[in-house]
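This is what each chain is made of:
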Amino acid sequence: MDEKVLRYTLRVNRDMFAKFKYIAESEGRSANKTIEQYIKKRVSKYEEENGIIEIEED
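Since the structure is predicted, the reported quantities are computational estimates derived from the model, not experimental observations.

A. Representation of the pattern of salt bridges. Tallied over the entire structure, the rule returns three salt bridges. Put simply, E36 and K40 hold a salt bridge, and the shortest N to O gap is 3.6 Å. Taken together, the positions of E36 and K40, both in helix 2 (residues 31-50) and four residues apart, correspond to about one turn of that helix. The partly exposed category is assigned to K40, whose relative accessible area is 47%. The shortest N-O distance in the salt bridge between K45 and E49 comes to 3.2 Å. A residue pair is termed a helical-turn pair when its members lie 3 or 4 positions apart in one helix, as K45 and E49 do in helix 2 at four residues. Counted as one network, the salt bridges with shared partners bring together K33, E36 and K40.

Below, the structure is given as structure tokens:
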């Protein structure tokens, strides 16, 4: 696995996740890929408004 890929456990209400997964699959994506897309959009929007977030590489 790519060492840049992070595994993260998400705790969320089961019913809400079931609905989210239904929506993701209806759009032809996995729930994981949809979450990844939401994160990318949110980071992009934040950086547009506040500037690039600088992170240190491990």
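Following the structure, the description resumes.
B. Quick look at the environment of A24. Mapped onto the secondary structure, A24 falls in helix 1 (residues 14-26). On the basis of relative accessible area, A24 is assigned to the buried category, the value being 1%. Each C-alpha atom of the pair A24 and T34 lies 6.2 Å from the other, and the pair is ten residues apart in sequence.

C. Main features of the packing of aromatic side chains. Here the structure, examined in full by the defined rule, presents two aromatic pairs. Relative to F20, the ring of F17 lies with its centre 6.2 Å away and its plane at 35 degrees, an arrangement referred to as tilted. Residue F17 and its partner F20 are located together in helix 1, separated by three residues, close to a single helical turn. With a centroid separation of 6.0 Å and 45 degrees between ring planes, the pair formed by F20 and Y38 is classed as tilted. Residue F20 is found in helix 1, and its partner Y38 is found in helix 2; the two are separated by 18 residues along the sequence. For Y38, a relative accessible area of 48% translates into the label partly exposed.

Scoring rules and cut-offs
- Residues numbered from 1 in each chain as written.
- Predicted model: local features only at pLDDT ≥ 70, side-chain atom pairs only at ≥ 80, totals over all residues.
- Heavy atoms only, no water.
- Salt bridge = Lys/Arg side-chain N within 4 Å of Asp/Glu carboxyl O.
- Helix = DSSP H or I, 4+ residues; strand = E, 2+ residues; numbered from the N terminus.
- Buried < 20%, exposed > 50% of the residue type's maximum accessible area, 1.4 Å probe, protein only.
- Phe/Tyr/Trp six-rings, centres within 6.5 Å; stacked < 30°, edge-to-face > 60°.

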